[in-house]
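Secondary and tertiary structure notes
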Amino acid sequence: EVQLQESGPGLVKPSQSLSLTCSVTGYSITSNYWGWIRKFPGNKMEWMGYISYSGSTSYNPSLKSRISITRDTSKNQFFLQLNSVTTEDTATYYCARWGYGSYRGDYWGQGVMVTVSS
Amino acid sequence: DIQMTQSPSFLSASVGDRVTINCKASQNINKYLNWYQQKLGEAPKRLIYNTNNLQTGIPSRFSGSGSGTDYTLTISSLQPEDFATYFCLQHNSLNTFGAGTKLELK
């Protein structure tokens, strides 16, 4: 079965970069698409972007200047970097399989809460 | 951007009730609409994909319908384990989510 697990610091200072890892088991990230989604306090959710089986990326235009998604195929992991964070980036961050059609959002990690605070 | 309006935000119901949750898109999303269930501290679980396709392993009391801009999740007979938060996702153009419905025990 496909499983995803997010990891990373739970606290980041304003203006710094947020870096998270998604570890995938049961499926190779060299197939399909892999995304990051976040859920803000108050429950609004936002799709952030994805990385494809080939390493190409697509980002939410609202984040395009600050976000980078990369991967390490040898470890079957992909990564989120969000630069210049503010308190408004405080959220629970999820990774998920983000393929097209029936694969869109079919498997998710349980999420990691990140607080931006000095 | 496509906006998703989900209703109701809160729903009180009893075991055995039939409940419906709605998502309305700001434009046609061509049935690219998924439904999820989430419990506190757990990963979202996909129930329905592309409007009316039941995810493998999900009980048949869950069903989805809709077209164009209007979509519905129906739970035909609530079970104790169904009390959770539900949200929709449109993936016709970029991806946007409904605000969620918290289903509580009456």
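Throughout what follows, the structure given in this document is the object of discussion. (Residues numbered from 1 in each chain as written. Chains lettered and ligands numbered in written order. Predicted model: local features only at pLDDT ≥ 70, side-chain atom pairs only at ≥ 80, totals over all residues. Heavy atoms only, no water.)

1. Let's talk about the interface of chain A and chain B
- The partner chain B presents 17 residues to the 18 residues of chain A that form the contact.
- Both faces combined, the contact of chain A with chain B buries some 1,500 Å², and carbon together with sulfur accounts for 57% of it.
- Remark: the boundary between chain A and chain B carries nine residue pairs in polar contact (both at pLDDT 80 or more).
- The biggest single contributor to the side of chain A that touches chain B is strand β10 (residues 104-108) of chain A, with four residues. (Contact = heavy atoms within 4.5 Å. Buried area = accessible area lost by both parts, 1.4 Å probe. Polar contact = N/O pair within 3.5 Å; in protein donor to acceptor, adjacent residues only side chain to side chain. Helix = DSSP H or I, 4+ residues; strand = E, 2+ residues; numbered from the N terminus.)

2. Concerning the sheet that holds strand β8 (residues 70-75) of chain B
All names here are of chain B.
- Within the open sheet, the four strands sit side by side as β1-β3-β8-β7. Their pairing is antiparallel. Taken across any chain shown, the strands that pair with only one partner, and hence form the sheet edges, are β1 (4-7) and β7 (62-67). Each strand axis lies, on average, 15 degrees off the axis of its neighbour in the sheet, ignoring direction.
- Both strand β3 (residues 19-25) and β8 contribute to a ladder of six bridges, which runs antiparallel. Counterpart to K24 in the pairing with β8 is D70. (Pairing = 2+ DSSP bridges. Axes fitted to C-alpha atoms, helices over the stretch in contact; angles between N-to-C directions.)

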